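The chain contents come next:
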Amino acid sequence: MQTPNDLNLLNDKVWPASAARDGTGEIQIGGVGVGELASKYGTPLYVIDEDEFRSRLNQLNRAFTKPAREHGMKVRMYYAAKALLTTDIARWVQQEGYSIDVASGGELSVALAAGFEGPKIGLHGNNKSLSEISKAVTHGVNAIVIDSELEIERIASIAESNSVVQGVRLRVNSGVHASTHEYLATAREDQKFGIPLDQVESLVEVIRSHSSLRFLGLHSHIGSQIFVVDGFIEAARRLLQTHAKLAEKGEVPELNLGGGFGIAYVDNDKPVNIKEIGQRIVNNVASLAEEMGIKPPDLCFEPGRVIAGPSGVTLYNVGTIKDVEVSSEKGTAVRRYVSVDGGMSDNLRSSLYGAEYSASLASRATDAEPVLSRVVGKHCESGDVVVNHTYLPSDLAINELIAVPATGAYCFSLASNYNYLGRPPMASVRAGESTLLVRGETEQDMLARDEGYRTGKPNES
Ligand SMILES: *Cc1c(COP(=O)(O)O)cnc(C)c1O
């Protein structure tokens, strides 16, 4: 890690495009000052830049749709709801022309509550309950992704008893696994999702034997936070070979290549170039289809993180600052621990995956010396880290606001109320205005689920 020259800079790779410091040095997001946001909604606070979120939806859509049109292919974009979902966010997604991909009955309910219609919803998951399948079928979801042989009968019989023909895709374990900077293509990957390629043809035959099912195509999702395009292309190549064989025996209108496009969390990360990823994937699929002598399929994608991640910033209030002496072979050094009023309950990614983030003093500008700091939460867990290493100014003081960018994806959705901390509120900002998306969870909310409290049992000892 390099010592930064200027702690006031907001790198646009990790911050929403609208983030800037005003004349006093305070950070503004979507034209709203962090001080105003914190006093209106409290901290911790998830802040979502609506314009950033919408423009990312559009950029990604264009990146795939433009090259696809040149090859006479259609593209269907699904937003992966699990990254970040509220009814307002689902409405933005819908207004920008996207379909939505849900992974549970709960996510399906939120999408429906936002006004999404079944034909613009896809449902996936490796263990969908009968009631989740029924709900999806009765709402006419466009596609259910079949994840195992067992599910074929399950979905077919539910569709049959509702007298509908249900569109289905088959999730394939292509053996391609992509992670951050590399991809591995192995014969068979050891994970719970999907069906090995060599079983696909026989299972599609079973699917096609059910008059209550309509086979739409193969589905693959090779991982998340991927920076290299090659993994997608290798997965597409493997799927297309089977797709071509399936097309000899019946229609295979589409190919779903999932999501997983990587973003920058810290200044050194190089986010995927969205335009390049669109062009390379689409052009490769088109030329592979031509080589194989098949009609190029329509393509589906399911981005989540790349849309939501860089649109979100979390605001925290600084509670305590402690310098801790750490010894190593090189001698002793001091590490500054900055404790904030949230932690692993609002951002689990650092403790769960060792994810990297950065933090900036948000309430004012500074020209103080940078100090290597660790931002930690207030939970009873030494692994309760929000930002493992970041430079904060030496004059950082108690009660000042710090901001952690790139927290829009998989932070709100992975939140818990460990230690009975209420999950934080989330507000959106746009053109100088803020809107509450989800209010903060109160102690009353948490107690309301507690039967001993609800039934008012006396304390008999
Ligand atoms: C999680 C998931 C996505 C979205 O992944 P991102 O990394 O957020 O883009 C898409 N499709 C499926 C099937 C998923 O499970």
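Quantities reported herein were computed from a predicted structural model and do not represent experimental measurements.

Rules used in this analysis
Residues numbered from 1 in each chain as written. Predicted model: local features only at pLDDT ≥ 70, side-chain atom pairs only at ≥ 80, totals over all residues. Heavy atoms only, no water. Helix = DSSP H or I, 4+ residues; strand = E, 2+ residues; numbered from the N terminus. Salt bridge = Lys/Arg side-chain N within 4 Å of Asp/Glu carboxyl O. Pairing = 2+ DSSP bridges. Core = buried A, V, L, I, M, F, W, Y, C linked by side-chain atoms within 4.5 Å. Buried < 20%, exposed > 50% of the residue type's maximum accessible area, 1.4 Å probe, protein only. Domains from an automatic or database assignment. Contact = heavy atoms within 4.5 Å. Buried area = accessible area lost by both parts, 1.4 Å probe. Polar contact = N/O pair within 3.5 Å; in protein donor to acceptor, adjacent residues only side chain to side chain. Nonpolar A, V, L, I, M, F, W, Y, C, P; charged D, E, K, R; others polar. Right-handed = clockwise from strand over helix to strand, strands pointing away. Near = heavy atom within 4 Å. Areas by Shrake-Rupley, 256 points an atom, 1.4 Å probe, with all protein chains shown as cover.

By secondary structure assignment, the location of Phe227 is in the loop between β13 (213-219) and α8 (230-249). Taking the C-alpha atoms as reference points, Phe227 and Asn273, separated by 46 residues in sequence, lie 8.8 Å from one another.

Our focus in this paragraph is the pattern of salt bridges. Evaluated as defined, the whole model comprises 19 salt bridges. One salt bridge connects Arg91 with Asp88, and the closest N-O pair in it is separated by 3.2 Å. Taken as a pair, Arg91 and Asp88 lie in helix α3 (residues 87-95) at a separation of three residues, close to a single helical turn. Across the pair Asp230 and Arg280 runs a salt bridge whose closest N-O atoms are separated by 4.0 Å. Residue Asp230 is found in helix α8, and its partner Arg280 is found in helix α9 (residues 274-292); the two are separated by 50 residues along the sequence. Where salt bridges share partners, they join Glu50, Arg54 and Glu96 into one cluster.

Our focus in this paragraph is the sheet that holds strand β1 (residues 20-21). Strand order across the open sheet formed by three strands is β1-β2-β3, with antiparallel pairing between neighbours. Strand pairing shows two members of the sheet lacking a second neighbour, β1 and β3 (32-33), which therefore form its edges.

Attention shifts here to the nonpolar core. The biggest cluster of nonpolar side chains holds 107 residues, and the ones touching the most others in it are Phe53, Tyr79, Ile100, Leu170, Phe261, Ile281 and Ile402. Structurally, this core is a two-domain feature, drawing no fewer than three residues from each of domain 1 (20-49 + 310-447) and domain 2 (51-307). When sequence neighbours within four positions are dropped, the list of residues in contact with Phe53 reads Ile48, Tyr79, Leu84, Ile89, Trp92, Val93, Ile307, Ala308 and Ser311. Counting 21 residues, the second-largest nonpolar core is a separate cluster that includes Ala19, Val32, Leu45 and Leu401.

Segmenting the chain into domains produces domain 1 (20-49 + 310-447) and domain 2 (51-307). With 20 residues of domain 1 in contact, the opposing surface of domain 2 contributes 19 residues. Its largest share of buried area at the contact with domain 2, domain 1 owes to Asp49, Pro310 and Tyr410, together 33% of the area lost on that side. At the boundary of domain 1 and domain 2, one finds one salt bridge. The tally of links from domain 1 across to domain 2 stands at nine residue pairs in polar contact (both at pLDDT 80 or more). In the side of domain 1 that touches domain 2, the residues fall into 11 nonpolar, five polar and four charged.

Now for the pairing of strand β8 (residues 143-146). Within a regular strand, the side chains alternate between the two sheet faces. The two faces of β8 match: Ala143 and Val145 on one face and Ile144 and Ile146 on the other face are all buried. On the question of chirality, the crossover connecting strand β7 (residues 121-123) to the parallel β8 by way of helix α5 (residues 130-138) is right-handed. Bridging between β8 and strand β9 (residues 166-173) involves three bridges; their strand directions are parallel. Within β9, the position partnered with Ile146 by the bridge is Leu170. Note on the crossover from β8 through helix α6 (residues 149-161) to β9: the handedness is right-handed.

Near the ligand, the surroundings consist of 15 residues, among which Lys82, Ser224, Glu302, Arg305 and Tyr410 are the closest. His124 places a polar side-chain atom, nitrogen or oxygen, 3.2 Å from an oxygen atom of the ligand. Within the side chain of Glu302, a nitrogen or oxygen atom sits 2.6 Å from a nitrogen atom of the ligand. Here the ligand loses 96% of its free accessible area of 390 Å² to cover by the protein chains. Looking at the shell around the ligand residue by residue, the class counts come to three nonpolar, seven polar and five charged.

A separate point is unusual backbone geometry. Residue Pro44 is bonded to the preceding Thr43 through a cis peptide linkage, with omega at -5°. Mapped onto the secondary structure, Pro44 falls in the loop between α1 (34-41) and β4 (45-49). Its identity as a non-glycine residue notwithstanding, Ser163 has a phi of 50°, on the positive side. Within the secondary structure, Ser163 sits in the loop between α6 and β9. The exposure class of Ser163 is exposed, given its relative accessible area of 66%. For Asn419, which is not glycine, the phi dihedral falls at a positive 60°.

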